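Structural description and commentary
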Amino acid sequence: MLELVVISTLNGILFGMLLFLMASGLTVIFSMLGVLNFAHASFYMLGAFFGFQISRWFGFWPALLIAPILAGIIGAGVERFGLRQVHRNGHVAELLFTFGLAFAIEEVVQIIWGKSPVDFRVPASLDFPAFTIFSTNYPAYKMFMLLVSIAIFVALLAVLKKTRVGMIVQAALTHPHMVGHLGHNVGRIFMMVFGVGTALAAVAGVIAGPALVTQSNMAGLLGPILFVVVVVGGLGSLPGAFIASLLIGLVQTFAVSMNGSLSEVFGPLSPAWAATWLSDIWNVTVAQIAPIMPYVLLVLILAFRPMGLLGTRDT
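Residues numbered from 1 in each chain as written. Predicted model: local features only at pLDDT ≥ 70, side-chain atom pairs only at ≥ 80, totals over all residues. Heavy atoms only, no water.

Going by an unreviewed UniProt entry, the chain carries the name Branched-chain amino acid ABC transporter permease and comes from Candidatus Afipia apatlaquensis. Under the Subcellular location (unreviewed entry) heading, UniProt states for the chain: "Cell membrane". (UniProt positions renumbered as here; feature names shortened; annotations may be inferred.)

Written as structure tokens, this is what we have:
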């Protein structure tokens, strides 16, 4: 039991930090532009495929640097030549634009790399067990993923709170016209933030690609959970996104590892109920309902605290 708790906790924190890498960019983009970017998870997928292709040519470490830069440049171009043009038509046009962009990116990925998973492998320099807990060898690459995620979180927080660039960005979030009057190019700031946000998603894709499955539908698998994180944490709240990411990562990881059911706790149903639909609910395990746990949490948050954990009604 202790081994299960320790391993599940490590895996839950790791999954939560990967979610935060993507949710942080989406949260900052929403705070500044007021746009819920439905294509954000697609940049996570682009990062994974860019990382795969570049690693075949130059190795994993150059891919970890180059792939997010390429995805960030594409994201900045999307804001400059796409979102900025449809912004004048309101939020519905922006949502439709990003929704269509997500499908377009997926089709382009399928055209270039196909629909089957690609062979994106863990680099040989990190393909060894970092340590052993009881009888389980914990991979060094997973520890690397965790350390990279924590380092980026700390760096992002330091830039936003301690540097002049961060002060300008935070001011542009709430008072863009004042920042413009002070001589700063607000449009360029918007483009930069959108590019950095998509680059963060691409970093998550590069480091998660070798550990998870890199395929053309990976954005669709993770995208819905990403929006659960943003809503649960509070729209526009970066600390809220961090807490929600860890919460969802831990909840889902622990749920997957639990095989308990109502029948194990309270015993089997009486013969009168055994042949009814209640029997299916009575025997379903926690692991079987693990995929819907984040959405159950979303429903509860919307019902009892609609602004999210750390959000405000103004957002």
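Still more to cover.
1. Let's talk about the pattern of salt bridges
Between side chains of opposite charge, a pair can form as their charged atoms come close. For the coordinates displayed, the defined rule picks out 2 salt bridges. For Arg-84, the salt bridge is made with Glu-79, and the minimal N-O distance between the two is 2.9 Å. You can call Arg-84 partly exposed: its relative accessible area is 28%. The class for Glu-79 is buried, based on a relative accessible area of 3%. Salt-bridge contacts for Arg-121 lead to Asp-119; the nearest nitrogen and oxygen are separated by 2.9 Å. We note that Arg-121, like Asp-119, is exposed. (Salt bridge = Lys/Arg side-chain N within 4 Å of Asp/Glu carboxyl O. Buried < 20%, exposed > 50% of the residue type's maximum accessible area, 1.4 Å probe, protein only.)

2. Considering the UniProt feature "transmembrane region" (unreviewed entry) in the chain
The feature "transmembrane region" (unreviewed entry), as annotated in UniProt, sits at residues 12-39, 59-83, 95-113, 140-160, 189-212 and 281-304 in this numbering. The distance from the first to the last C-alpha atom of residues 189-212 is 33 Å, and the span holds 83% helix and 0% strand. (Helix = DSSP H or I, 4+ residues; strand = E, 2+ residues; numbered from the N terminus.)

3. Here's the deal with the pairing of strand E2 (residues 136-139)
Here 4 bridges tie strand E1 (residues 129-133) to E2, and the two strands are oriented antiparallel to one another. Bridge pairing links Phe-131 to Tyr-138 in E2. (Pairing = 2+ DSSP bridges.)

4. Let's talk about the side chain of Thr-253
Checked against the element boundaries, Thr-253 lands in helix H10 (residues 238-256). Residue class for Thr-253 comes out buried when judged on its relative accessible area of 16%. Those residues in contact with Thr-253, other than ones at most four positions away along the chain, are Ser-8, Asn-11 and Gly-12. (Contact = heavy atoms within 4.5 Å.)

5. Structural notes on the nonpolar core
If you look at the biggest cluster of nonpolar residues, it comprises 85 residues, and the most contacted ones within it are Met-22, Tyr-44, Phe-144 and Ile-207. Here this core gets 13 residues from one element, more than from any other, and that element is helix H1 (residues 2-33). (Core = buried A, V, L, I, M, F, W, Y, C linked by side-chain atoms within 4.5 Å.)

6. A few points about the packing of aromatic side chains
One pass over the full model with this rule turns up 17 aromatic pairs. Measuring from ring centre to ring centre gives 6.2 Å for Phe-52 and Phe-120, while their planes differ by 65°; the resulting arrangement is edge-to-face. With Phe-52 in helix H2 (residues 40-58) and Phe-120 in the loop between helix H4 (91-113) and E1, the pair connects residues that are 68 residues apart, well separated along the chain. Note on Phe-52: relative accessible area 6%, which makes it buried. (Phe/Tyr/Trp six-rings, centres within 6.5 Å; stacked < 30°, edge-to-face > 60°.)

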